[in-house]
Amino acid sequence: IRATGRDTFIVDMGQNFAGVARIKVNGKEGHRITMRFGEDTLKDGRLNWWTTVAGQIKEAWGLKGGPGAPKTAWQKDEYILKGGGEETWAPSFTFHGFRYIEVVGWPGIPTLDDFTGLRMNSDLDSNGRFQCSNTMFNQLHEVIQWTFLSNVFSVQSDCPAREKMGYGADMVVSTEAFMYNYDMAQFYAKAVRDFANEQRPEGGITEIAPFTGIADRGYGDQSGPLGWQLGFPFLQKKLYEFYGDKRIIETFYEAFLKQMDFLQTKAVNNLFYWDISDHEALDTKPEALTAGAFYYHHALLMAEFSAILEKKENVIKFTKLADNIKKALIQKYLVNGTGRFDNGTQSAQLFALWYQLAPDRPAALQTLWQEFERHDMHISTGIFSTKYLFDVLREEDQNELAFQLANQRDFPGWGYMLNEGATTLWETWAYPEIAPSQNHPMFGSIDEWFYRSILGINPTAPGFAAVQIKPQPAGDLTWAKGSYNSIRGNIRSEWKIQGKKYSLKVSIPVNVKAEVWIRCKENGPLKESGNPVTRVVYKNGYAIVETGSGEYHYESEY
């Protein structure tokens, strides 16, 4: 606590989080205490409330709210003392996003014992554990947990202070990272219902759900942009993939069909040309390419859902639509004779690679490598391509490159945020001082990489009925350990490197098939619990073993 004026104090909780402050105070009846909340302080030590103003309603900017709205909608609590001894109070029916409290009118000098931060979030069961030899990654993982839990209050929000709304794109890019860490089965089923409830009369899906009227770069009838509309079917896909929930696809199939009918009426020669696109990318966003790719994604999901529900005519119909969209995207955006798509940025190349658009994949990858080099091996990605980045590099066995990009400590990157004192993730790669949030889950998609690539835990059948365990050691990592508690039981992966020796411990639940990839030199010796393994296939620096449930300890030469 420090004084910033005659009767004004700044209380630093030491951690950005969502919740409220509980105060303990003595004073006279009728005395008024005012508290304002913010994520940071200004250079002169006063409260920085700019990043937490609701809806950007700021008198200094000339932005106004509706009837009854304050001139500046900062987070503020007031308490009027009743007098007569010690009083303890915290507000009900609200929550704030904050680290700092500006206290005005405190009777006397406040002490640390007078303030308690009460952390709040929906009660999600923890499903995942991750730890490794890289201390920055461990710190980042912890910061992501604070960020994620700050943004689950009935809806998965983009931030807990300024907007508190369920944006579809923010969910698309972080869904799997959330699912590896928490049981999201009921929470995301509710999010799907929210989008269905808000479906527009013509069939479009809104940018946010519950809907509050925001419709940026949409396609009429208050529908949202395609990357944000994608939240509705994408969540269904992941609920099926992680929990084997076929019912959610059945329940909302007709609503998805209605959405697809709407999108088909708005497409121009199987393409779309505007979208919010790869939000917060540092290079020029390939807006039209991303819009078309999102449309392609909708068609792919519609064909897949139709196959799951055995609706053969629609499988044929939407497979054909997806093929036509893909052909149109390649014809429009591939630069002939190269692997470059559209403007050739990291965003453009990652969209082309993630969506399997590149006819010459090595050439497209080479263009992407050149973009990394142009940025001095730093990312310039936005919210979508950041997620896509780690997926593509995992599939290409390029975890050394993924490690290098993730481990950078200067701007732009996660290490830069941490070095600047971030205790939750920012909305922007640059330090957000005036408008963007300092508690935003979208760049937390990297946490998925911790589970999928470093621990190597990946489902290969719905509900984790079959899994691939393929840790990809990289960089200076010498060990990693963690687990994912699937609906079939706990899946554990723990590996370490000592000299040239590689050790991998794996736990597979009952009734789950596993394909285990162990780093190993070609045709090198492989042991399990001290016994030689004879039925093994060698590929790209791995020994591959198929197994069932049980506890296994593999050892090889690395």
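Residues numbered from 1 in each chain as written. Predicted model: local features only at pLDDT ≥ 70, side-chain atom pairs only at ≥ 80, totals over all residues. Heavy atoms only, no water.

Visitor: Which parts of the structure should I look at to understand helix H12 (residues 383–395)?
Guide: For the α-helix, the turn length of 3.6 residues means that residues three or four positions removed from each other point alike. In a regular helix each residue adds 1.5 Å, so 13 residues correspond to 18 Å; H12 covers 19 Å between its end C-alpha atoms and thus fits that length. Burial analysis of H12 places twelve of its 13 residues in the buried class, the great majority of the element. For H12, the complete set of buried residues consists of Ile383, Phe384, Ser385, Thr386, Lys387, Tyr388, Leu389, Phe390, Asp391, Val392, Leu393 and Arg394. (Helix = DSSP H or I, 4+ residues; strand = E, 2+ residues; numbered from the N terminus. Expected span 1.5 Å × (residues − 1). Buried < 20%, exposed > 50% of the residue type's maximum accessible area, 1.4 Å probe, protein only.)

Visitor: Just to check I follow, could you spell out the packing of aromatic side chains for this structure?
Guide: Note on aromatic pairs: each is described by the distance of the centres and the angle between the planes. For the structure shown, the criterion picks out 53 aromatic pairs. Seen from their ring centres, Tyr180 and Tyr451 are 5.1 Å apart, and the 10° between their planes marks the pair as stacked. On the criterion of sequence distance, the pair formed by Tyr180 in helix H2 (residues 168–181) and Tyr451 in helix H15 (residues 446–454) is long-range, its members being 271 residues apart. Exposure remark for Tyr451: the relative accessible area of 0% places this residue in the buried category. Sitting above the plane of the Trp74 ring, Arg36 keeps its charged end 4.3 Å from the centroid. (Phe/Tyr/Trp six-rings, centres within 6.5 Å; stacked < 30°, edge-to-face > 60°. Lys NZ or Arg CZ within 6 Å of the ring centre and 35° of its normal.)

Visitor: So what exactly am I meant to see when it comes to the side chain of Thr147 here?
Guide: One can find Thr147 in helix H1 (residues 135–150). A polar atom in the side chain of Thr147 sits 3.0 Å from the backbone nitrogen of Leu425. With residues near it in sequence (within four places) discarded, Thr147 still touches Thr424, Leu425, Asn439, His440 and Pro441. (Polar contact = N/O pair within 3.5 Å; in protein donor to acceptor, adjacent residues only side chain to side chain. Contact = heavy atoms within 4.5 Å.)

Visitor: Mind showing me how you'd approach the layout of surface pockets here?
Guide: Any empty space left between the atoms is revealed when a probe the size of a water molecule rolls over them. Looking at the largest pocket, its volume works out to about 430 Å³. The wall of the largest pocket is formed by 19 residues, among which Lys237, Lys238, His297, Trp354 and Glu395 lie closest to the centre. Elements that contribute at least two residues to the lining of the largest pocket include exactly helix H5 (231–243), helix H8 (287–308), H12 and H15. Among the elements that line the lining of the largest pocket, the one with the most residues is H8, at five residues. (1 Å grid on protein atoms, 1.4 Å probe; cavity = no way out; pocket = protein on both sides within 12 Å on 5 of 7 lines; lining within 4 Å. Points joined across faces, edges and corners; volume = space filled by probe spheres on them.)

Visitor: It is not clear to me how the packing of helix H13 (residues 399–406) against H15 should be interpreted in this structure. Could you clarify?
Guide: What describes two packed helices is the angle between their axes and the distance between those same axes. As a packed pair, H13 and H15 sit with axes 12 Å apart at the nearest point and diverge in direction by 150°. The angle between the axes of H13 and H15 places the two elements in the roughly antiparallel class. Our pair here, H13 against H15, has a crossing hand that is left-handed. Where H13 approaches H15, its residues Asn399, Ala402, Phe403 and Ala406 are matched on the opposing element by Ile446, Trp449, Ser453 and Ile454. Residues that form the contact of H13 with H15 fall into these classes: six nonpolar, two polar and no charged. (Axes fitted to C-alpha atoms, helices over the stretch in contact; angles between N-to-C directions. Parallel < 35°, antiparallel > 145°, perpendicular 65-115°, else oblique. Left-handed = near helix turned anticlockwise from the far one by under 90°. Nonpolar A, V, L, I, M, F, W, Y, C, P; charged D, E, K, R; others polar.)

Visitor: Even after reading the chapter, I still don't get the packing of H1 against H15, so can you show me in this structure?
Guide: Between H1 and H15, whose axes approach to 9 Å, the crossing angle comes to 130°. Of the possible angle classes, the one that applies to H1 and H15 is oblique. Relative to H15, the crossing made by H1 is left-handed. Across from Phe137, Leu140, His141, Ile144 and Gln145 in H1, the residues of H15 making contact are Ile446, Asp447, Trp449, Phe450, Tyr451 and Ile454. Of the residues in the contact of H1 with H15, the class split is eight nonpolar, two polar and one charged.

Visitor: Looking at this structure, how should I read unusual backbone geometry?
Guide: If a residue is not glycine, its phi is most likely negative; likewise, a peptide bond is most likely trans. Note that the residue after Ala209, namely Pro210, is joined by a cis bond; omega there is -5°. By the secondary structure assignment, Pro210 is in the loop between helix H3 (185–197) and helix H4 (226–229). For the bond running from Phe411 to Pro412, omega is -5°, close enough to zero to count as cis. The residue Pro412 is located in the loop between H13 and helix H14 (414–419) in this model. The phi dihedral of Gln56 falls on the positive side, at around 60°, and the residue is not glycine. In this structure, Gln56 sits in the loop between strand E5 (47–48) and strand E6 (76–80). Using a relative accessible area of 17% as the deciding quantity, one classes Gln56 as buried. Not every positive phi belongs to a glycine, and Glu310 is a case in point at roughly 60°. Within the secondary structure layout, Glu310 lies in the loop between H8 and helix H9 (312–333).

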